[in-house]
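# Coordinate inspection notes
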Amino acid sequence: MTSLYLSPYLRPFRRDGRVVYDNGITGDVDELDPVEHEIVRALWGARDTAAVLVRLAAAHGEEALAAGVAGLTGRMMLFGDRAQCDLAFDALLDGSTPPVPFLDQIELTNRCPFRCGFCPRGIPGKLQRPVGFMDLALFERLLGQLHPMQARYRPLELHHLGESLLHPEVDRFVAAASARGLPTELSLNPRCWSRTWAGGCSRRGSAGW
Ligand code: SF4
């Protein structure tokens, strides 16, 4: 084993106090054994996978590592390289471009009080389009038009060029997505964070922050 490619279509979450992995390629939700879990944790975001494997082999032994890799490979969580992973995902899509595209982000608002220099929203005068809040009814109509396998693709990001926590109904947007089985994520500026917002969104089902 010199290199491995961890599937980017894995979504870890807690179920009954245990970490499980939702696999976007197979649609399965699996619990991993301790070595498998270590492999996934170690490879997550790793650039030098060969070095990671050497470290894992030293910690767990070659045999246990090989068994863990085989278990993950068999469940399409781990691949020899990115091309193999892409092939598996293409097969899921039947090798064709879906008639309805998958969606990464929905911008709830383009209002933002911050002025980050790398962001078109943050540079005065850069973003020319009108500033406002998305209407919940429009959002719900949009959810009704998503690809039926959107939930398996990846969490829906409820943000783009704006601070979503400024939207007075952000928790209702999260709830509307959750009601359709769609996991959501929010990227936000910590200065807008509060326990009230956090509790409201978590109760309504946001998967990540
Ligand atoms: S949208 Fe985000 S990145 Fe852009 S200015 Fe606001 S806080 Fe900064």
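Presented here is an overview of the structure given in this document. (Residues numbered from 1 in each chain as written. Predicted model: local features only at pLDDT ≥ 70, side-chain atom pairs only at ≥ 80, totals over all residues.)

### Points about the site of the ligand
- If you check the shell around the ligand, you find Cys112, Phe114, Cys116, Cys119, Arg121, Gly122, Leu161, Gly162, Glu163 and Asn189 and nothing else.
- In the shell around the ligand, the residues fall into five nonpolar, three polar and two charged. (Near = placed C-beta within 6 Å. Nonpolar A, V, L, I, M, F, W, Y, C, P; charged D, E, K, R; others polar.)

### A word on the environment of Gly61
- Considering the arrangement of structural elements, one finds Gly61 in the loop between helix H2 (49-60) and helix H3 (62-74).
- When the 12 C-beta atoms within 10 Å are taken as the criterion, Gly61 is described as exposed.
- Taking C-alpha positions, Gly61 is 10 Å from Val35, a pair spaced 26 residues apart along the chain. (Helix = DSSP H or I, 4+ residues; strand = E, 2+ residues; numbered from the N terminus. Buried ≥ 20, exposed ≤ 12 C-beta atoms within 10 Å, placed from the backbone.)

### Quick notes on the packing of H2 against H3
- Viewed as axis vectors pointing N to C, H2 and H3 meet at an angle of 120°, and their least axial separation amounts to 7 Å. Here H2 lies oblique to H3, going by the angle between them. Between H2 and H3, the contacting residues are Leu56, Ala57 and His60 on the first element and Glu62, Ala64 and Leu65 on the second.
- A per-class count over the contact of H2 with H3 returns four nonpolar, one polar and one charged. (Axes fitted to C-alpha atoms, helices over the stretch in contact; angles between N-to-C directions. Parallel < 35°, antiparallel > 145°, perpendicular 65-115°, else oblique. Contact = placed C-beta atoms within 7 Å.)

### Overview of the nonpolar core
- Counting residues in hydrophobic clusters, the biggest one holds 15 residues, and the most contacted among them are Ile39, Val40, Val69, Leu72, Met77 and Leu78.
- Contributions of two or more residues to this core are made by helix H1 (34-43), H2 and H3.
- Element by element, the count of residues in this core is highest for H1, at four residues.
- Residues contacting Leu78, with those up to four places away along its chain left out, are Leu4, Leu6, Ser7, Val69, Leu72 and Thr73.
- Leu165, Phe173, Val174 and Ala176 belong to the second-largest nonpolar core, a separate cluster that totals twelve residues. (Core = buried A, V, L, I, M, F, W, Y, C linked by C-beta atoms within 7 Å.)

### Details of H1
- Of all the residues in H1, the buried ones are Val35, Glu36, Ile39, Val40 and Leu43. End-on, the buried residues of H1 take up no more than an arc of 140°, which puts them together on one face.
- Among the structural elements, strand E1 (5-6), H2 and H3 are those in contact with the buried residues of H1.
- Once H1 finishes, Gly45 follows within two positions and takes phi at roughly 80°, a positive value. (Arc of directions from axis to C-beta.)

### Quick notes on the sheet that holds strand E4 (residues 29-30)
- Strands sit in the order E2-E3-E4 across an open sheet of three strands; the sheet is antiparallel. With one partner strand each, in any of the chains shown, strand E2 (10-15) and E4 form the two edges of the open sheet.
- Pairing between strand E3 (residues 18-23) and E4: two bridges, direction antiparallel. The partner of Tyr21 across the bridge, within E4, is Asp30. (Pairing = 2+ DSSP bridges.)

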